Amino acid sequence: MIYPVILCGGAGTRLWPLSRKAYPKQFADLIDGTSLFQRAATLVQGEGFAAPAIVTGDPFRFIVAEQLDAAGATPSAILIEPEGRNTAPAILAAALVLQRQDPDALMLVLPSDHLIPDAPAFQAAVRAARQSALDGSLVTFGIEPTRAETGYGYLELDDPSARSAPTPSPLMRFVEKPDAERAAAMLASGKYLWNAGIFLFSLAAIIDAYRRHAPDLLAAVEGAVAGGSADLGFTRLGVEAWRGAATISIDYAIMEKADNLVVMPFAAGWSDLGDWKSVWQESGPDAQANVCSRGATAIDCTGTLLRSEVDGLELVGIGLDDMIVVAMPDAVLVAPRAASQRVGEAVKTLKARSVKQAETMPRDHRPWGWFESLAMGDGFQVKRIMVKPGEALSLQSHHHRAEHWIVVAGTAQVTIGETVKLVSANESVYVPLGAVHRLENPGKIPVEMIEVQTGHYLGEDDIIRYEDRYARQ
């Protein structure tokens, strides 16, 4: 049995403003209405594959669970990292947890934010690499390069003919991201594949590799797994031991030191969707090489991506050539397509100026649903709130604000002090300052409401929780 492990902790800053720290690209609708994370989960469903294990961070645990459920996928485990430590500790933690279930298993590691359109071809490649992994090799998947790309690492083969081999071949070495001249020479040589960051190996082989090449990391992660705890269906790794784990990628920690590496070629289509240029490429440009979302119009444009992420906001481009324009409710990106790799610089600049749009989204996702701010002024804020069926906000109170709730869809059960009542569409309720209150959705359809806050301080940290089914601190 092959146990997929999906790594789900990246930030994806080069796809700002759609991807941000609070809601990174793996969860966003980038291509066809399905998130990259959901595509990764369904990519490894079927005969020979066990339920996937997910490694993610605390802020994303409920998003992971919700998107898996929407994709019809049931995880074998969702591991919560106390903080990001790059891929080497994450992969090792998953291996140690899976070892408890099936010590003879194979483990397939894949990122949550890559695009592999042809699932049958990928599964066939995994099956072709299976015997090498059973024999003790560490298998890395190499992508047939289509251009002299400077944004990817490369894998150097012993023999150029191995680029199209039907089974894994020996790997000479890993090569860091090259400059343009070096990338062109590597492409021309025919000896290189792109490094996809996808791996297949037996649990015994990879744990032994950590024992040989990264014993300090093994000790720290073993402690974190041993000190882990269950929390609402998630597994939290032990905090103190995890802090002793080095922040390092598996390439540096293991792959560049191991002598049992092989590479499985894959040429059926792959993209890491690492910037807006790659999103433009994978979105199917039209006859004028334009890609326009719903709500976007191109007039006399060529090679341009126009993307409106706001209902009711019409984006129009006139006479644009090779441009990227992405409009969000709170931020707009305009850049030459050739400068897509530099979007991360913009995020760093915004962070240095303490601009909230650098990391936060206009829609704040919570385990019970989401909210977004519609208007804010001196002493007031207006929010739109959605509560999923069967979910509930915490029992809480506020020191500095009162709230007025107007239900616009569904029926909410509202608790204020000792009073509990149902509030339906077109009805409202007032929550006085300091009152202990809760809102629940007991129905089968989402509850949507408008919340009007009034007070001298309206920060999200003005909250005292008395009960919370999601165990938030």
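Residues numbered from 1 in each chain as written. Predicted model: local features only at pLDDT ≥ 70, side-chain atom pairs only at ≥ 80, totals over all residues. Heavy atoms only, no water.

(A) Inspection of the overall build of the protein chain at higher detail. For the protein chain, the count of helices and strands is 11 helices and 28 strands. Taking 2.2 N^0.38 as the reference for a compact globule, 473 residues should give roughly 23 Å; the C-alpha atoms of the protein chain span a radius of gyration of 24 Å, in line with that estimate. Each of the three principal axes of the protein chain carries a C-alpha extent, and together these read 75 × 60 × 40 Å. Residues classed as buried in the protein chain amount to 51% of the 473 residues present. Taking the contacts inside the protein chain whose residues are at least 6 apart along the sequence as the reference set, 69% of them involve residues at least 24 apart. When the accessible surface of the protein chain is totalled, it reaches about 20700 Å², and 51% of it is carbon and sulfur. Of the side-chain charges in the protein chain, 42 are positive and 57 negative, and the distance between the mean point of each set is 2 Å. (Helix = DSSP H or I, 4+ residues; strand = E, 2+ residues; numbered from the N terminus. Rg over C-alpha atoms; globule rule 2.2 N^0.38 Å. Buried < 20%, exposed > 50% of the residue type's maximum accessible area, 1.4 Å probe, protein only. Contact = heavy atoms within 4.5 Å. Areas by Shrake-Rupley, 256 points an atom, 1.4 Å probe, with all protein chains shown as cover. Lys, Arg positive; Asp, Glu negative; His and termini not counted. Charge placed at Lys NZ, Arg CZ, Asp CG, Glu CD.)

(B) Spotlight on the sheet that holds strand 14 (residues 305-308). With mixed pairing, the 4 strands of this open sheet are ordered in space as 12-14-16-17. The sheet is open, and its two edges are formed by strand 12 (291-292) and strand 17 (332-336), each paired on a single side. Note that strand 16 (residues 323-327) and strand 17 share 5 bridges and pair antiparallel. Its bridge partner lying in strand 17, Val-326 is registered against Leu-333. (Pairing = 2+ DSSP bridges.)

(C) Seen up close, the nonpolar core. In terms of nonpolar packing, the biggest core is built from 89 residues, with Val-64, Leu-108, Phe-122, Phe-141, Leu-200 and Trp-276 touching the most fellow members. With near-sequence residues (within four places) excluded, Leu-108 lies in contact with Ile-2, Tyr-3, Pro-4, Val-5, Val-44, Phe-49, Phe-122, Val-126, Phe-141, Ile-198, Phe-199 and Leu-200. (Core = buried A, V, L, I, M, F, W, Y, C linked by side-chain atoms within 4.5 Å.)

(D) Structural view of unusual backbone geometry. Going from Trp-16 to Pro-17, the amide bond is cis rather than trans, its omega being 10°. The phi dihedral of Ala-289 falls on the positive side, at around 65°, and the residue is not glycine. Looking at the secondary structure, you find Ala-289 in the loop between helix 10 (276-282) and strand 12.

(E) Broad picture of the UniProt feature "domain: Nucleotidyl transferase" (unreviewed entry) in the protein chain. Here the UniProt feature "domain: Nucleotidyl transferase" (unreviewed entry) sits at residues 4-283. Its end C-alpha atoms 27 Å apart, residues 4-283 is made of 36% helix and 22% strand. (UniProt positions renumbered as here; feature names shortened; annotations may be inferred.)

(F) Quick look at the pairing of strand 20 (residues 380-387). Extensive coverage of strand 20 is indicated by the burial of 6 of its 8 residues. In terms of strand pairing, strand 19 (residues 369-377) meets strand 20 through 8 bridges, oriented antiparallel. Along strand 20, the bridge assignment pairs Gly-369 with Val-387. Taken together, the 8 bridges between strand 20 and strand 27 (residues 447-455) define a ladder with antiparallel strand orientation.

(G) A look at the pairing of strand 27. Burial of strand 27 is one-sided: the residues Val-447, Met-449, Glu-451, Gln-453 and Gly-455 facing one way are buried, the residues Glu-448, Ile-450, Val-452 and Thr-454 facing the other way are not. Relative to strand 27, strand 22 (residues 401-409) runs antiparallel, the two being bridged by 8 bridges. Across the sheet, Ala-402 pairs through a bridge with Thr-454, a residue of strand 27.

(H) Just the sheet that holds strand 22, in detail. Here we have 6 strands laid out as an open sheet, ordered 18-19-20-27-22-25, and antiparallel in their pairing. The open sheet terminates on both sides in strands that have one partner only, identified here as strand 18 (363-366) and strand 25 (428-431). Each strand axis lies, on average, 20° off the axis of its neighbour in the sheet, ignoring direction. The sheet contact formed by strand 18 and strand 19 spans 4 bridges and is antiparallel. Residue pairing across strands places Asp-364 opposite Phe-371, the latter belonging to strand 19. (Axes fitted to C-alpha atoms, helices over the stretch in contact; angles between N-to-C directions.)

(I) Seen up close, a nonpolar patch on the surface. Together, Ile-299, Val-316 and Ile-318 make up a nonpolar patch on the protein surface, roughly 270 Å² of accessible area in all. Looking at where Ile-299 falls in the secondary structure, it is placed in strand 13 (residues 296-299). (Patch = residues over 30% accessible without salt bridge, like charges linked within 9 Å, V, L, I, M, F, W, Y side chains within 5 Å. Salt bridge = Lys/Arg side-chain N within 4 Å of Asp/Glu carboxyl O.)

(J) Inspection of the UniProt feature "domain: MannoseP isomerase/GMP-like beta-helix" (unreviewed entry) in the protein chain at higher detail. Residues annotated by UniProt as "domain: MannoseP isomerase/GMP-like beta-helix" (unreviewed entry) correspond here to residues 318-350. Helix makes up 24% of residues 318-350 and strand 33%. Its end C-alpha atoms lie 28 Å apart.

(K) Structural detail: the packing of helix 3 (residues 87-101) against helix 7 (residues 215-226). Where helix 3 meets helix 7, the closest approach of the two axes is 9 Å, and the angle between their N-to-C directions is 55°. Taken together, the axis directions place helix 3 and helix 7 in an arrangement best described as oblique. As helix 3 packs across helix 7, the resulting crossing turns out to be right-handed. Counting all contacts with helix 3, which are made through Ala-88, Pro-89, Leu-92, Ala-93, Leu-96, Val-97 and Arg-100, the residues of helix 7 involved are Leu-217, Leu-218, Val-221, Glu-222, Val-225 and Ala-226. Residue composition of the contact of helix 3 with helix 7, grouped by class: 11 nonpolar, no polar and 2 charged. (Parallel < 35°, antiparallel > 145°, perpendicular 65-115°, else oblique. Left-handed = near helix turned anticlockwise from the far one by under 90°. Nonpolar A, V, L, I, M, F, W, Y, C, P; charged D, E, K, R; others polar.)

(L) View of the packing of helix 1 (residues 36-43) against helix 2 (residues 61-70). For the pair helix 1 and helix 2, the least separation of the axes is 9 Å and the interaxial angle reads 55°. Between helix 1 and helix 2, the angle is such that the two are oblique. Remark: the crossing between helix 1 and helix 2 carries right-handed chirality. In this structure, helix 1 contributes Phe-37, Gln-38 and Ala-41 to the contact, and helix 2 contributes Val-64, Gln-67, Leu-68 and Ala-70. Here the residues of the contact of helix 1 with helix 2 sort into 5 nonpolar, 2 polar and no charged.

(M) A look at the domain arrangement of the protein chain. Under the domain assignment used here, the protein chain contains domain 1 (2-266), domain 2 (276-352) and domain 3 (363-467). If you average the C-alpha positions of domain 2 and of domain 3, the two centres end up 35 Å apart. (Domains from an automatic or database assignment.)

(N) Region of interest: the pattern of salt bridges. Scanning the entire structure with this criterion turns up 27 salt bridges. Among the ionic pairs, Lys-191 bridges to Glu-156, the shortest N-O distance being 3.6 Å. Pair noted here: Lys-191 is in the loop between helix 5 (180-189) and strand 8 (192-202) and Glu-156 is in strand 6 (residues 154-157), with a separation of 35 residues, a long-range link. A relative accessible area of 23% means that Lys-191 is categorised as partly exposed. The partner of Glu-460 in a salt bridge is Lys-383, and the shortest N-O contact between them spans 2.4 Å. Here Glu-460 is found in the loop between strand 27 and strand 28 (464-467), whereas its partner Lys-383 is found in strand 20, with 77 residues between them in sequence. The partly exposed category is assigned to Glu-460, whose relative accessible area is 36%. Judged by relative accessible area, which is 4%, Lys-383 ranks as buried. Three or more residues joined by partner-sharing salt bridges are found here, namely Asp-58, Arg-61, Asp-231 and Arg-236.

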